[in-house]
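# Secondary and tertiary structure notes
What follows is the residue order along each chain.
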Amino acid sequence: MRVTQSMLSNNMLRNLNTSNSKMGKLQEQLSSGSKLTRPSDDPVASVKGMGYRTTLVKNAQYTRNMNEVNSWLDASDESLGQVGSALQRVQELVTQAANSTNTTDDREKMKKEIEQIREQIKDIANSKIGDNYIFSGTKTTTPLYDKNGFIGGTVEGTTTIATPPGTTTTGAIAFPVTNLDINTGKATDANGNDVQFTTGTDATGNKILLANANTGASQFTLDDNGYPVIQSQSGFSSNVSIELYSGITLDVNSEGYELFQKIDNMMAKVESKLQSGDDAKELVGDLLGGTGSTKDKSGTTIQGAIDLVLEARATVGAKQNRAEMMADRLSSQKISVTKQMSDNEDVDYEESITKLITEESIHRAALSVGGKIIQPTLVDFIN
């Protein structure tokens, strides 16, 4: 086989182009910091890299979700703390009112302060994070209270309910109702007035009470303490859940509807007792409540309401602890995945620089040797 000058030239050019391509790729890796400049460089590593990036994008979103979780929980804890402080002030006032040396005027002043505290608790119940009410369940655009009281339920306390014509009492009924006979509908309100309800039966056979008015009848039931049971609208008792991790969610809201309902009932009872002029012993026994074996779990006493608030704060605190652990987990995941992605894609600078210097040396040697091997032609002498 005859080796021609053309063959030598073509081989040299091809080898020089190959050497140039290798140096160009190494220079591109060094400038970008990544050994994968295109998927074809390493298809397996490229697929892994896309997986790592997807995980990091999710991690960033979960971290943003965590900030939202902390905002809800911190606001709930702060609000419940304010409610607890308000109830402790009520406890102080009732304890002071239980002193038999207080006059009617003294109790009236205390009652006025308690009325303002009750309004303050209602304002706290309508606490918001941005545009979201934090105690309204999934009905985050609706407050628990409006000017008429609880939204979506019967206002407990003194409520105007029209009784049937010809009955003992019409107009306002002061709750709680006592001495209720479910069969006849007869009862006594908090002011000692006889009241008459119409009884009925619901679809499941349970007996209910009807407060009749000219425009029709409104149905309600009474709890064990003689207060109307507020029927929560759909959503008020539902939980707001935020995803913290793949498949892991956390309920960030506190179930405020029932809690604030019980507190408001208790506050109404306090106001009624102070106004009625009951003696000191009855005030202490009925309003302050006890601890230990006599602990009030229904929130009908001041101590019972304080305990309910403390339980709610304890729940919030437990959620805060879990959120903190999840935040640590997200942080660890970010570090781990970032390291894996770096190992998968990042260029080894020492190795790449060494290869580049080697390729440059080879390229220069090829140019030098090629210039000596390829013979000059007549074209070289035209100039």
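Sequence order sets the numbering: in each chain, residues are counted from 1 along the sequence as written. Only residues with pLDDT of 70 or above have their local features reported here, since the model is predicted, and side-chain atom pairs are shown and tallied only from 80 upward, although totals for entire chains, interfaces and linings are computed over all residues. The basis for the side-chain values is all heavy atoms of the structure; hydrogens and waters are excluded.

The next thing to look at is the environment of Val 83. Helical segments are the DSSP runs of H or I of at least four residues, strand segments are the runs of E of at least two, and each set is numbered from the N terminus. Position of Val 83 relative to the elements: it lies in helix α2 (residues 43-97). Residues count as neighbours in contact if any of their non-hydrogen atoms are within 4.5 Å of one another. What Val 83 contacts, discounting residues up to four positions off in sequence, is Ile 124, Phe 260, Ile 263 and Val 309.

Turning our attention to the pairing of strand β13 (residues 248-251). Bridge analysis of strand β12 (residues 241-245) against β13 gives four bridges, and the strand direction is antiparallel. Paired with Ile 242 across the strands is Leu 250, a residue of β13. Whether two strands pair comes down to DSSP finding at least two bridges between them. Taken together, β12 and the strand that follows it, β13, pair antiparallel across an intervening segment of two residues, in which Gly 247 is found at a positive phi of about 80°.

So, about the confidence of the model for the protein chain. Per-residue confidence from the predictor is reported as pLDDT, a score between 0 and 100. Per-residue pLDDT for the protein chain averages 75, and the proportion of residues at 70 or more is 71%. The least confident element of the protein chain, judged by mean pLDDT, is strand β5 (residues 158-160) at 38; the most confident is β13 at 91. Per-residue pLDDT stays below 50 along residues 152-170; that stretch engages in 53 contacts with residues further than four places along the chain or on separate chains. In the model, residues 212-218 has pLDDT below 50 throughout and makes 12 contacts with residues more than four positions away in sequence or in other chains.

Here we take up a nonpolar patch on the surface. Taken together, the side chains of Tyr 349, Ile 353 and Ile 357 make up a nonpolar region of the molecular surface, amounting to roughly 280 Å² of accessible area. Inspection of the secondary structure assignment puts Tyr 349 in helix α7 (residues 349-373). Only protein chains enter the calculation, and the probe is 1.4 Å; a residue is then buried if its accessible area is under 20% of its type maximum, exposed if over 50%, and partly exposed in between. With a relative accessible area of 39%, Tyr 349 lands in the partly exposed category. A patch consists of residues exposed above 30% relative accessible area that lack any salt bridge, with like charges linked at up to 9 Å and nonpolar side chains (Val, Leu, Ile, Met, Phe, Trp, Tyr) linked at up to 5 Å. Using a 1.4 Å probe, accessible areas were evaluated by the Shrake-Rupley method; residue-level cover was limited to the displayed protein chains. Here a salt bridge means any side-chain nitrogen of Lys or Arg lying within 4 Å of a carboxyl oxygen belonging to Asp or Glu.

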